[in-house]
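# Examination of the molecular architecture
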Amino acid sequence: MFGYIIINKAEMKFKEFDLYHAYYCGICRDLKRRYGAPGQISLSYDMTFLAMLLTGLYEPETKDGSCKCLVHPFERHATRNNIFTEYAADMNALFAYYKCRDDWADERKVGHLLYGKILEGRTERMKKLYREKLDRVGKLMQDFTETEENPDADIDVLAGLFGQVMAEIVAVRKDEWEENLKRLGFFLGKFIYLMDAYEDIENDMKKGTPNPLKKRYGTPDFEEECRTILTMMMSECCKEFETLPILENVEILRNVLYSGVWCRYEAIREKRRRDQEAGRKKDNPGGAGKEGARTEGTVR
């Protein structure tokens, strides 16, 4: 999956983390029940945010429990399950399938092809439950794939297509909150796509795989431009979130949106800075004076 829509654990209370992890483990149980062990492999923290967002908005009946698993075989841990952890599990499996399909198309990874086939064969229930939604998502993903193959594809168009996918995923019901959730999902999806492109730019350039940031990479304003665009996307996403009447789990959700989403970004940026500095020192071993001592600050 993505790995971008996560918590900032350092800024979270212990009881909040325990609650967050209970939803995560609840989704894991739903994945196992609905898709077996192959489904559990796809488990991602990103969908924990979705389950908690929809739970906080709609306040469904939620079952508290506990279980052991292969990862924690000797200690029981709390779980929370409701209709939205089931929905998050289904969407988690769906995105894992699309990711496998893309990996096969881009890099011919046989293992991912086989795993995708396994997931595809276990999604009949999903097709019956969400037929219209899956039809729309499938069409958008096809448009996204075709657009991405164009080397001159506009990054805003690509991010917008993925934003529309996330809008369909986040807006689970046709009700008074549908448009707010769609806008939240749209900007969240654009953020995810741009973050993924930002993280993968060097690898994509080496492998020759599509990445709409290739033309911008290496320019003096590359880092600042990426940060500005990402900030704009999350600002719009947070604005929509604050319109929703959510009380339950609201501090955890704010931790994700205002802080957690930037954890991976800062780690990527810092690694890139270190790699670039190491490259400069390697090219100019005797020039690590004033120029070599200059470092780029991490923006929060």
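Placed above this text is the structure.
Residues numbered from 1 in each chain as written. Predicted model: local features only at pLDDT ≥ 70, side-chain atom pairs only at ≥ 80, totals over all residues. Heavy atoms only, no water.

## What to know about the pattern of salt bridges
Using the criterion set out here, one finds 25 salt bridges in the structure. Across the salt bridge formed by R34 and E86, the nearest N and O atoms sit 3.7 Å from each other. Taken together, the residues R34 in helix 1 (residues 14-41) and E86 in helix 3 (residues 83-107) connect sequence positions 52 residues apart. Here K182 and E178 are joined by a salt bridge, their closest N and O atoms 3.7 Å apart. Of this pair, K182 and E178 both sit in helix 8 (residues 178-207), four residues apart, roughly one helical turn. (Salt bridge = Lys/Arg side-chain N within 4 Å of Asp/Glu carboxyl O. Helix = DSSP H or I, 4+ residues; strand = E, 2+ residues; numbered from the N terminus.)

## Details of the side chain of D90
Topologically, D90 is positioned in helix 3. Under the relative-accessibility criterion, D90 is labelled buried at 1%. A polar contact of 2.9 Å, which involves the side chain of D90, links it to the side chain of R34. Those residues within four positions of D90 in sequence are excluded, and the remaining contacts are R34, Y35, M126, L129 and Y130. (Buried < 20%, exposed > 50% of the residue type's maximum accessible area, 1.4 Å probe, protein only. Polar contact = N/O pair within 3.5 Å; in protein donor to acceptor, adjacent residues only side chain to side chain. Contact = heavy atoms within 4.5 Å.)

## Description of the nonpolar core
Counting 85 residues, the largest nonpolar core has I5, L53, L181, L188, F191 and M234 as the members making the most contacts within it. Contributions of two or more residues to this core are made by helix 1, helix 2 (46-58), helix 3, helix 6 (131-148), helix 7 (155-170), helix 8, helix 9 (222-241) and helix 10 (250-283). Counting residues per element, this core draws most heavily on helix 8, which supplies twelve residues. When sequence neighbours within four positions are dropped, the list of residues in contact with M234 reads L188, F191, L257, V261 and W262. (Core = buried A, V, L, I, M, F, W, Y, C linked by side-chain atoms within 4.5 Å.)

## Observations concerning the packing of helix 6 against helix 7
With their axes 9 Å apart at the nearest point, helix 6 and helix 7 run at an angle of 165° to one another. Our classification of the angle between helix 6 and helix 7 gives roughly antiparallel. Considering the relative orientation of helix 6 and helix 7, their crossing is left-handed. Across from K133, R136, V137, L140, M141, D143, F144, T147 and E148 in helix 6, the residues of helix 7 making contact are V157, L158, L161, F162, Q164, V165, E168 and I169. Here the contact of helix 6 with helix 7 is built from residues that sort into ten nonpolar, two polar and five charged. (Axes fitted to C-alpha atoms, helices over the stretch in contact; angles between N-to-C directions. Parallel < 35°, antiparallel > 145°, perpendicular 65-115°, else oblique. Left-handed = near helix turned anticlockwise from the far one by under 90°. Nonpolar A, V, L, I, M, F, W, Y, C, P; charged D, E, K, R; others polar.)

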